[in-house]
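Report on the structure
Now for the letters of each chain:
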Amino acid sequence: GQKVQDMKPLIRKDLIDSCEALGYFEPEKQVMSRSGDECVVALTDQWYLVYGEEEWLKKTEEALSQINTFKMPEVRNGFVHTLGRMKQ
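Below is a short write-up of the structure. Here the structure is a predicted model, which is why all the values come from computation and not from measurement.

**Observations regarding a negative patch on the surface**
- Together, Glu53, Glu54, Glu55 and Glu62 line one region of the surface with negative charge.
- Its place among the elements puts Glu54 in helix H2 (residues 54–66).

So, in structure tokens, the structure goes:
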């Protein structure tokens, strides 16, 4: 057998390379919000959006084209700008 500390990074790499896992990191120290409240990390079933994924962006842009921004072009422009940054 081998030591866990030696095998853990190898198994992690294999799982990530085979798309069976994603890299995940937790904070190393206490995290405080801007309002001064302590942030708590909870173990939950969670999923993540890959914001640069083309199909997601296409659907989001289609949805944006249907949104009523009440004749405020700066609102729509803000969304368009943010989506443009996600393509990077």
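**A few points about the packing of aromatic side chains**
- Enumeration according to the criterion identifies 1 aromatic pair in this entry.
- Judged by centre distance (5.3 Å) and plane angle (80 degrees), the ring pair of Tyr51 and Trp56 falls under edge-to-face.
- In this structure Tyr51 comes out as partly exposed when scored by relative accessible area, which is 43%.

**Comments concerning the pattern of salt bridges**
- Across all of its chains, the model carries 1 salt bridge by this definition.
- With its nearest N and O atoms 2.5 Å apart, the salt bridge here joins Asp17 to Lys13. One end of the pair, Asp17, and the other, Lys13, are both in helix H1 (residues 4–17), 4 residues apart, so they sit about a helical turn from each other.

**Points about the environment of Tyr48**
- If you trace the backbone, Tyr48 turns up in the loop between strand S2 (38–39) and H2.
- Linking Tyr48 and Leu22, residues 26 residues apart in sequence, is a C-alpha distance of 9.8 Å.
- In contact with Tyr48, other than residues within four places in its own chain, are Leu22 and Tyr24.

**A word on unusual backbone geometry**
- One non-glycine residue, Phe70, lies in the positive phi region at around 55 degrees.
- The topology assignment puts Phe70 in the loop between H2 and helix H3 (73–86).
- One non-glycine residue, Lys71, lies in the positive phi region at around 55 degrees.
- Residue placement: Lys71 occurs in the loop between H2 and H3.

**Quick notes on the environment of Tyr24**
- Along the polypeptide, Tyr24 turns up in the loop between H1 and strand S1 (31–32).
- The spacing of Tyr24 and Met72 is 48 residues in sequence and 39 Å in space, taken between C-alpha atoms.

**A word on the packing of H2 against H3**
- Between H2 and H3, the least distance of the axes is 11 Å, while the angle of their chain directions is 175 degrees. In terms of their interaxial angle, H2 and H3 are classed as roughly antiparallel. Contacts between H2 and H3 involve Trp56, Leu57, Thr60, Glu61, Leu64 and Ser65 from the first element and Arg76, Phe79, Val80, Leu83 and Met86 from the second.
- Residues that form the contact of H2 with H3 fall into these classes: 7 nonpolar, 2 polar and 2 charged.

**Brief notes about H1**
- The terminal C-alpha atoms of H1, which comprises 14 residues, lie 19 Å apart, in line with the 20 Å expected from a rise of 1.5 Å per residue.
- Positive phi shows up at Cys19, right after H1, with a value of about 60 degrees.

Each value, and the rule that gives it
- Residues numbered from 1 in each chain as written.
- Predicted model: local features only at pLDDT ≥ 70, side-chain atom pairs only at ≥ 80, totals over all residues.
- Heavy atoms only, no water.
- Patch = residues over 30% accessible without salt bridge, like charges linked within 9 Å, V, L, I, M, F, W, Y side chains within 5 Å.
- Areas by Shrake-Rupley, 256 points an atom, 1.4 Å probe, with all protein chains shown as cover.
- Salt bridge = Lys/Arg side-chain N within 4 Å of Asp/Glu carboxyl O.
- Lys, Arg positive; Asp, Glu negative; His and termini not counted.
- Charge placed at Lys NZ, Arg CZ, Asp CG, Glu CD.
- Helix = DSSP H or I, 4+ residues; strand = E, 2+ residues; numbered from the N terminus.
- Phe/Tyr/Trp six-rings, centres within 6.5 Å; stacked < 30°, edge-to-face > 60°.
- Buried < 20%, exposed > 50% of the residue type's maximum accessible area, 1.4 Å probe, protein only.
- Contact = heavy atoms within 4.5 Å.
- Axes fitted to C-alpha atoms, helices over the stretch in contact; angles between N-to-C directions.
- Parallel < 35°, antiparallel > 145°, perpendicular 65-115°, else oblique.
- Nonpolar A, V, L, I, M, F, W, Y, C, P; charged D, E, K, R; others polar.
- Expected span 1.5 Å × (residues − 1).

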